[in-house]
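Understanding the architecture of this molecule
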Amino acid sequence: MAAEAGITVRTLRFYRERKLLPAPRREGRIAWYDDHHLARLRTIGALLERGHTLGGIAELLTAFENGRDVGELLGLENAIGATWTDETPVRLTPEALSDYFAEHVTAENLAEALDLGYLTVDGDELVHVSRRLLDTSSTLVEKGIPLAAVLATARAVRTHTDALAELFTSLVRAHVVSDALTRAAAGEPPGAEETADIAATVERLRPLAKGVVDAELSMALDRRIRAELDAWRKELPQEPDS
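Throughout this description, residue numbers start from 1 for each chain and increase along the sequence as written. Local features in a predicted model are, by the rule used here, given only for residues with pLDDT of at least 70; side-chain atom pairs are given and counted only at 80 or more, and totals for whole chains, interfaces and linings are based on all residues. Derived side-chain values reflect all non-hydrogen atoms in the structure, with water molecules and hydrogen atoms excluded from consideration.

On to the confidence of the model for the protein chain, then. Mean pLDDT over the protein chain works out to 83, with 85% of the residues at or above the 70 mark. The pLDDT value expresses, per residue, how confident the predictor is, ranging between 0 and 100. Here a strand is any run of E in DSSP of at least two residues, a helix any run of H or I of at least four, and the numbering for each starts at the N terminus. Here helix 5 (residues 70-74) stands out as the least confident element of the protein chain, with mean pLDDT 49; helix 9 (residues 131-142) is the most confident, with 95.

Now for empty space enclosed by the protein. The definitions used throughout rest on a 1 Å grid laid over the protein atoms alone, on which a cavity is an enclosed set of points accommodating a 1.4 Å probe that cannot get out and a pocket is an open set flanked by protein within 12 Å on both sides along at least five of seven lines; lining residues are those having an atom within 4 Å of a point. Grid points are joined across faces, edges and corners, and a volume is the space filled by probe spheres set on the points. Considering all chains together, one arrives at one cavity of 30 Å³ or more under this definition. Of the pockets and cavities examined, the largest cavity occupies roughly 140 Å³. If you trace the largest cavity, you find 15 residues lining it, with Phe-101, Ala-113, Leu-119, Leu-147 and Leu-151 closest to the centre. Broken down by secondary-structure element, the contributors of at least two residues to the lining of the largest cavity are helix 7 (94-101), helix 8 (107-116) and helix 10 (147-185). Gly counts as polar in this scheme, as do all residues outside two lists: the nonpolar Ala, Val, Leu, Ile, Met, Phe, Trp, Tyr, Cys and Pro, and the charged Asp, Glu, Lys and Arg. Along the lines of polarity and charge, the residues of the lining of the largest cavity split into 10 nonpolar, five polar and no charged.

Turning next to the sheet that holds strand 4 (residues 119-122). By definition, two strands form a pair when at least two bridges between them are found by DSSP. Spatially, three strands are ordered 3-5-4 in an open sheet, and the strand pairing comes out antiparallel. At either end of the open sheet lies a strand with only one pairing partner, and these are strand 3 (90-92) and strand 4. If you compare each strand with its neighbour and ignore which way they point, the axes differ by 30 degrees on average. Relative to strand 5 (residues 125-128), strand 4 runs antiparallel, the two being bridged by four bridges. Each residue of the ladder has a partner; that of Val-121, found in strand 5, is Leu-126. Interaxial angle, 0 to 180 degrees, is taken between N-to-C directions of lines fitted to C-alpha atoms, where a helix line uses only the stretch in contact.

Looking now at the pattern of salt bridges. Side chains that differ in sign of charge can pair as their charged atoms come close. Each salt bridge in this description consists of a side-chain nitrogen of Lys or Arg and a carboxyl oxygen of Asp or Glu lying within 4 Å of one another. Here the structure, examined in full by the defined rule, presents 11 salt bridges. The residue Asp-122 makes a salt bridge to Arg-91 at a minimum N-O spacing of 2.7 Å. Of this pair, Asp-122 sits in strand 4 while Arg-91 sits in strand 3; the two residues are 31 residues apart in sequence, bridging distant segments of the chain. On the basis of relative accessibility, which here comes to 34%, the residue Asp-122 falls in the partly exposed class. Put simply, Glu-166 and Arg-173 hold a salt bridge, and the shortest N to O gap is 3.1 Å. Linked through salt bridges whose partners overlap, the residues forming this network are Arg-91, Asp-122 and Glu-125. Burial classes follow relative accessibility: with a 1.4 Å probe on protein chains only, a residue under 20% of its type's maximum area counts as buried, one over 50% as exposed, and anything between as partly exposed.

Only buried residues count toward a nonpolar core, which is a set of Ala, Val, Leu, Ile, Met, Phe, Trp, Tyr and Cys residues joined through side-chain atoms within 4.5 Å. Judged by nonpolar contacts, the single largest core of 17 residues is most densely connected at Tyr-15 and Leu-20. Looking at this core, the elements with two or more residues in it are helix 2 (9-17), helix 3 (35-49), helix 4 (54-64), helix 10 and helix 11 (192-235). Counting 15 residues, the second largest nonpolar core, distinct from the first, contains Leu-92, Leu-119, Val-150 and Ala-154.

It is worth spelling out the packing of helix 8 against helix 10 at this point. Where helix 8 meets helix 10, the axes come as close as 10 Å, and the angle between the chain directions of the two elements is 20 degrees. Between helix 8 and helix 10, the angle falls in the class roughly parallel. Of the two possible hands of crossing, helix 8 and helix 10 adopt the one that is left-handed. Residues Asn-109, Glu-112, Ala-113, Asp-115 and Leu-116 of helix 8 touch helix 10, and the partners they reach there are Leu-147, Ala-148, Leu-151, Ala-154, Arg-155 and Arg-158. The labels follow the angle: roughly parallel below 35 degrees, roughly antiparallel above 145, roughly perpendicular from 65 to 115, and oblique for the rest. Crossings are sorted by hand: turned counterclockwise from the far helix by less than a right angle, the near helix makes the crossing left-handed, and turned clockwise it makes it right-handed. Residues count as neighbours in contact if any of their non-hydrogen atoms are within 4.5 Å of one another.

With that out of the way, let us pick up helix 9. To estimate the expected span of a helix, count its residues, drop one, and scale the result by 1.5 Å. Helix length check: helix 9, at 12 residues, gives a terminal C-alpha distance of 16 Å against a target of 16 Å (1.5 Å per residue), a fit within 8%. Listing the buried residues of helix 9 in full gives Leu-134, Ser-137, Ser-138 and Val-141. The buried residues of helix 9 occupy one face: seen down the axis, they fall within an arc of 95 degrees. Contacts from the buried residues of helix 9 go to strand 3, helix 7, strand 5 and helix 10. Note: the arc covers the axis-to-C-beta directions of the helix.

Before going further, it helps to examine the packing of aromatic side chains. Given two aromatic rings, one states the distance between the centres and the angle between the planes to describe the pair. Centre distance within 6.5 Å is the pairing criterion for rings of Phe, Tyr and Trp, where only the six-membered ring of Trp is used; planes under 30 degrees apart are then read as stacked, over 60 as edge-to-face, and the remainder as tilted. Following the criterion strictly, the structure yields two aromatic pairs and no others. With centroids separated by 6.5 Å and ring planes inclined at 45 degrees, the aromatic side chains of Phe-14 and Tyr-15 adopt a geometry described as tilted. Residue Phe-14 is classed as partly exposed on the basis of its relative accessible area, which comes to 32%. Taking 6.1 Å as the distance between ring centres and 35 degrees as the angle between the ring planes, the aromatic pair formed by Tyr-100 and Phe-101 counts as tilted. On the basis of relative accessibility, which here comes to 6%, the residue Phe-101 falls in the buried class.

Here it is as structure tokens:
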């Protein structure tokens, strides 16, 4: 949860101690967080970026949590905190994972996949976060690219996609929810109509953001491939002039 929210585990625990975050659901020694907790953390982060102190945020939460969740009263948690991904997790036995990657299933590669969050352990099974990423990774390995290289590239891609996500969230923060956050922190949560408008705007931005990234990546690949071909042609032996 801390990694998903972009904070440290220590910060997550601090928020819980300050009553900024509801306690997770517990099963024995395991604590389960969900999308509600992640949305709350993102709301706290947005308020902090607007210059509000933790003390002020705590007072806001305390005032609003008398029978209702802060997200409902702020009118923003559901609007801006819903999950954007539509990835399908895949449950795998160790044997099934070996069917995908054969000898590439090493301790080092497993540790890297776990650290990236691609794999999690659930009892005797492994859970891969995305069917699409699993199929893509296994196809690349099948074509001769070592899994270690695929995972290293995935980590680099993660860095760039995080930067892209920050660009889009900055746009939304500055031009869609900024005023509403400021007024909510001052005790004036948005009404139902404004909340619905924010939710509709954010929802509309989802496919637009993905479309921009897809178009730009396609054009960037075209540019890189042409540059590689030009460089390759220059390295070929030149035919003598007749």
